[in-house]
Amino acid sequence: MTRELPLLDAQSISKFYGSRSGCEEISFQLFSGEVIAIVGESGSGKTTLLNCLSTRLMPTSGSIHYLGRDGVARNLYQMSEAERRFLMRTDWGFVHQNPSDGLRMAVSAGANVGERLMAVGERHYGSIRQTAQNWLERVEILADRIDDEPRTFSGGMRQRLQIARNLVTAPRLVFMDEPTGGLDVSVQARLLDLIKGLVNDLGLSIIIVTHDLAVARLLSDRIMVMKEGRVIEAGLTDCVLDDPQQPYTQLLVSSILKG
Amino acid sequence: MYVAVKGGERAIANAHKLLAERRRGKRSVAALGLEQIVEQLSLAVDRVMNEGSLYDRHLAALAIKQARGDLIEAIFLLRAYRTTLPKLGYSTPVKTENMLIERRISATYKDLPGGQILGPTFDYTHRLLDPALAGEEAVFSLEEGPISPNNFVRVSDILAQEGLIEEDGRLNGAKPNDITKEPLDFPMGRDTRLQALARGDEGFLLALGYSTQRGYARTHPFAGEIRIGEVEVEYFIPELGYVVIIGRIQITECQMVNQFSGSAKVPPQFTRGYGLVFGQSERKAMSVALCDRALRANELGEDIVAPAQDEEFVIAHSDNVQATGFVEHLKLPHYVDFQSELDLVRTMRRDFEKAKDAVRSTACGLHEKQEKQKTGEVSSER
Amino acid sequence: MNDEVGDGEVLASYNFAYLDEQTKRMIRRAILKAIAIPGYQVPFASREMPMPYGWGTGGVQVTAAIIGPEDTLKVIDQGADDTTNAVSIRAFFAKTARVKTTMQTGKATLIQTRHRIPEEALTNDQILVYQVPIPEPLRFLEPRETETRKMHGLEEYGLMHVKLYEDIAKNGHIATTYAYPVKVAGRYVMDPSPTPKFDNPKMNQCEALQLFGAGREKRIYAVPPYTNVVSLDFEDHPFEVTKFEEPCALCGSEGAYLDEVILDDKGHKMFVCSDTDYCEKQQRKKMQNLGEEAKQRAFS
């Protein structure tokens, strides 16, 4: 039996801003269909790491190999910008904390979902619209809102629309940056349910950044705890959260319980 | 009727005749001489030289006269003339430290070597209209002392001795870019940016500079030094192998001193915003310096949050010759594109009416049904 | 082409066709590059011209850089030779280059245009120079030059179709009527300048060289002769040319682009050809035909 290659293999990722470090010496592997949560307080470097992983930011050192659909693992940092951007709009998704960073607010919901399809050459209006419609239904947005602009949507709807926009090209890997941040608790719960359903249905791999351990517990298989730019503890989510080894993790976990 | 939109050569010729007539105005009033403009409207002349990018007082005065005092039009005239001139070479950098000072002030030091020299400034005048200027002016003459030949040390050099201010910027290549010869390319070097700012519209840059003071990209500026005076223009002649002085021009230089907290590599120190313009154009030089500093946000690792920091926004819109041309081109006929839009709006209105009719007839249908149930009658009206 | 000043007595201080030779060479280099990369916007160091930016300085610079004493120049604005700006530009070259000018499309070697392509098919010994206000087709979708340049470089044109999608979603059809974006030689998306989309098909496989000059925005681009120029659309909403319901009121042409002329203050109007040269030619032809018919009737 051949060993499965990781979808994403990060080695010694470090990012410095001048002499200040954003994140340091981070290595891990992500396998297909896996959800990894990166947790930590704000300023712990988790967003910097996410941006480095998604090549939105170039790290100071380190490498990431990504397993293409052709079964070949390539170093992301050595790809041309054209290749990287193609990857970003087809095989990847990125869900921003603030939906307006990931949506075109002045363009209809249908076009928001359809944009990626058009970017990869889909030229049939009817089928683009049909696909958009299906995706809107899938993320529980009523079909008659297809021609409305996201600025008329509620926060939760915007976030669901952003997810649909990302998933329309059937990406294999989705990056999420605090996707439930800024939402009411009940709206959060509904969104998490939706994400969980999509992960199961589509076999998505996800790297999610969150400060909310409850989100990590619900969604992720594995967890990495970051502090001051370094991963201080990592493992299966349930193990880490039920039996944290590091004092900092213990503090995080206990503060959740108290809160 | 059909002719109304087609101007034709005669209409243009007539319009130009009328323009010449209006420019001259009442014949009983003596015509303005260029010397009068050069001498008595000298700050207008300075502005036209600056934004027209050509140091020639008489041509600038001619442009002002020809443009009926419309300074942007005058700037345009001068630019269009300048573009046809052969470009022979570049002077060596002017040495503003050797300036023959007419005005020199610093807001950062109470006193400094060479002292504060107010010079011919509107500052501290009370802005009261002076009826005495309305008629013939009484002739008085000022006993002008000789302009001090002292080499006034520059305020930025005083700060630099202590290492409190960053060094003067250095050029990336051997010679500066030339925006009159090379296309503007974003992002641009500071040399290119300063050139563009130097010919930028005074009003536009003033407003942007002002916006930085009001908190849109605040940089805590101090007017380190403003100096106005004459500098020599030197030119290196390769055939001779040495530098010759080819003339003397009046310029205004402004060095803004701005706060900067430092970064990983650089200790906290003051940074500079720089403005250099032709003639006596203090407002312009200060505005340029504020904008220059704001536009260095990227270089200094500051967040870009305000219009004045946005290089594409500022530089692409600062040239008033470009701006006035494009705004005014809306006067040109656009009836071909307008025709397309007319057509489209008509089609869309037809669709809209059709849709409304459809809705109305369904609604009427319902209404009628209800009526019928009530009265047992059938209405014939829609 | 010969750049010597034809006659020294006129405008002694200005070079042939106004621009100095250095500048012309710079512009020609940009033009050559533009021809080599069809549809790509080549930056050039646009000069101030003696007419305002936005009034055709790009087109004038291109024309000035390529015009020679043997050329015959036609200038149109909105399709017409006698609109004020066309008159002014024609006069400019008549004065600074002393070239022959014409109003007849067939007789011109060089045609400078604003907002129209002549109705008469152009030939491979003609050059059409467009005046362009905003060369960037992506500009109103993405205001940043640095970003649009990247999008062109990486052929990321999804956004362009988003715009067309929105049109259809809102109006049931593509609501772009002029400056309708095209793809040139299968690679670059290009703004054809604010010509009505009616003219788009004329650009495709055109025999004449098409040059585009944007003075204020400092860009030159080109469509070489016999190049594919395809208007962007969807398979199920194909590009459609504007159709006029009635023929030209003056020459009776169908299938020409028409201007609406208001006749009185009661809203009466008529539609006439926007291409004045074409219209006159059709009127002459109509008169001739009528004459022929009358002659035949008389002799039969």
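Residues numbered from 1 in each chain as written. Chains lettered and ligands numbered in written order. Predicted model: local features only at pLDDT ≥ 70, side-chain atom pairs only at ≥ 80, totals over all residues. Heavy atoms only, no water.

Quick look at the overall build of chain A now. Helix and strand counts for chain A come out as ten helices and ten strands. Relative to its length of 259 residues, chain A is compact, with a C-alpha radius of gyration of 18 Å against a globular reference of 18 Å. Considering only C-alpha atoms, chain A reaches an extent of 55 × 45 × 45 Å along its principal axes. Counting the 259 residues in chain A, one finds 54% classified as buried. By sequence separation, contacts in chain A at least 24 residues apart represent 66% of the contacts at least 6 residues apart. Element-wise, carbon and sulfur atoms account for 50% of the exposed surface of chain A, whose accessible area totals about 11500 Å². If the 28 positive side-chain charges of chain A are averaged to one point and the 31 negative ones to another, these points end up 5 Å apart. (Helix = DSSP H or I, 4+ residues; strand = E, 2+ residues; numbered from the N terminus. Rg over C-alpha atoms; globule rule 2.2 N^0.38 Å. Buried < 20%, exposed > 50% of the residue type's maximum accessible area, 1.4 Å probe, protein only. Contact = heavy atoms within 4.5 Å. Areas by Shrake-Rupley, 256 points an atom, 1.4 Å probe, with all protein chains shown as cover. Lys, Arg positive; Asp, Glu negative; His and termini not counted. Charge placed at Lys NZ, Arg CZ, Asp CG, Glu CD.)

On to the interface of chain C and chain B, then. Each partner contributes residues to the interface: chain C has 62 residues there, and chain B has 50 residues. In total, chain C and chain B occlude about 4600 Å² of area from one another, counting both sides; carbon and sulfur atoms represent 57% of this. For chain C, the biggest contributors to the area lost against chain B are Glu48, Trp55 and Gln78 of chain C; these three give 13% of the whole. Applying the counting rule to chain C against chain B returns five salt bridges. We note a salt bridge from Glu260 of chain C to Arg346 of chain B, for which the minimum N-O separation is 2.8 Å. Our enumeration of links across chain C and chain B arrives at 22 residue pairs in polar contact (both at pLDDT 80 or more). Put simply, the parts of the chain that give the side of chain C that touches chain B at least two residues each are helix 3 (84–96), helix 4 (145–153), strand 11 (258–262) and strand 12 (269–273) of chain C. (Buried area = accessible area lost by both parts, 1.4 Å probe. Salt bridge = Lys/Arg side-chain N within 4 Å of Asp/Glu carboxyl O. Polar contact = N/O pair within 3.5 Å; in protein donor to acceptor, adjacent residues only side chain to side chain.)

Okay, the confidence of the model for chain C next. All names here are of chain C. Averaged over all residues, the pLDDT of chain C is 90; the fraction at 70 or higher stands at 96%. Within the model, pLDDT remains below 50 along residues 1–12, and this stretch shows 24 contacts once partners closer than five positions in the same chain are excluded. Overall fold confidence (pTM) sits at 0.80, and the ipTM for the predicted complex is 0.86. (pLDDT = per-residue confidence, 0-100.)

Before going further, it helps to spend a moment on the side chain of Arg89 of chain A. Along the chain, Arg89 of chain A turns up in helix 2 (residues 81–90). In contact with Arg89 of chain A, not counting residues within four places along its chain, are Arg116, Ala119 and Thr169 of chain A together with Glu156 of chain C.

What the rule picks out here adds up to 16 aromatic pairs over all chains. With 4.9 Å between their ring centres and 70 degrees between their planes, Tyr180 of chain C and Phe239 of chain C make a pair best called edge-to-face. You can see Tyr180 of chain C sitting in the loop between helix 5 (158–171) and strand 6 (182–184) and its partner Phe239 of chain C sitting in the loop between strand 10 (229–231) and strand 11, a full 59 residues away along the chain. Of the two residues, Tyr180 of chain C and Phe239 of chain C, both sit in the buried class. Seen in terms of ring centroids, Phe198 of chain C and Phe244 of chain C are 6.3 Å apart; in terms of plane orientation they differ by 65 degrees. Their pairing is edge-to-face. You can see Phe198 of chain C sitting in the loop between strand 7 (188–190) and helix 6 (200–203) and its partner Phe244 of chain C sitting in the loop between strand 10 and strand 11, a full 46 residues away along the chain. Owing to a relative accessible area of 10%, Phe198 of chain C belongs among the buried residues under this scheme. Looking at Arg56 of chain A, its charged tip hangs above the ring of Phe94 of chain A, at a distance of 4.2 Å from the centre. Sitting over the face of the ring of Tyr188 of chain C, Arg187 of chain C holds its NZ or CZ atom 4.2 Å from the ring centroid. (Phe/Tyr/Trp six-rings, centres within 6.5 Å; stacked < 30°, edge-to-face > 60°. Lys NZ or Arg CZ within 6 Å of the ring centre and 35° of its normal.)

We now examine the pairing of strand 4 (residues 61–67) of chain A. Residue and element names in this part refer to chain A. Summarising the sheet, strand 1 (residues 8–17) and strand 4 pair through five bridges and their orientation is antiparallel. Counted as the bridge partner of Ser14 is Ser61 from strand 4. As judged from the three bridges shared by strand 4 and strand 5 (residues 73–75), these two strands associate in the antiparallel manner. Along strand 5, the bridge assignment pairs His65 with Asn75. In this structure, the hairpin formed by strand 4 and strand 5 is closed by a connection of five residues, where Gly71 is found at a positive phi of approximately 85 degrees. (Pairing = 2+ DSSP bridges.)

For the rest of this paragraph, the subject is unusual backbone geometry. The amide bond that connects Phe186 of chain B to the next residue, Pro187 of chain B, takes the cis arrangement and shows omega of -10 degrees. With phi around 55 degrees, Ser53 of chain B is a residue other than glycine that occupies positive phi space. Here Ser53 of chain B is to be found in the loop between helix 3 (42–51) and helix 4 (57–66). Overall, the relative accessible area of 16% leaves Ser53 of chain B in the buried class. The backbone phi angle of Ala185 of chain C is positive, close to 50 degrees, even though this residue is not glycine. With respect to the helices and strands, the residue Ala185 of chain C is situated in the loop between strand 6 and strand 7. Exposure remark for Ala185 of chain C: the relative accessible area of 44% places this residue in the partly exposed category.

What follows covers the sheet that holds strand 6 of chain C. Backbone hydrogen bonds hold the strands of a sheet together, and the pairing may be parallel or antiparallel. All names here are of chain C. Pairing is antiparallel in the open sheet, where three strands are placed in the order 7-6-10. Every other strand in the sheet has two partners, leaving strand 7 and strand 10 as the edge strands with one partner each. Sheet twist, expressed as the mean angle between neighbouring strand axes with direction ignored, is 35 degrees. Where strand 6 and strand 10 come together, three bridges link them in antiparallel fashion. When the bridges of strand 10 are listed, Val184 appears paired with Val229. (Axes fitted to C-alpha atoms, helices over the stretch in contact; angles between N-to-C directions.)

All names here are of chain B. Strand order in the open sheet formed by four strands is 1-2-3-4, and the pairing between neighbours is antiparallel. Of all strands in the sheet, those with a lone pairing partner are strand 1 (100–105) and strand 4 (271–278), marking the two edges. When the angles between neighbouring strand axes are averaged without regard to direction, this sheet yields 25 degrees. Here strand 1 pairs with strand 2 (residues 221–237) via five bridges, running antiparallel. Of the residues in strand 2, the one forming a bridge with Leu100 is Glu230. Docked against the sheet, helix 9 (residues 282–294) engages strand 1, strand 2, strand 3 (242–258) and strand 4, running at close to 145 degrees with respect to strand 4.

All names here are of chain C. For Thr23, the position within the fold is in helix 1 (residues 21–36). We classify Thr23 as buried; its relative accessible area is 0%. A polar contact is formed between the side chain of Thr23 and the side chain of Arg47, at a distance of 2.4 Å.

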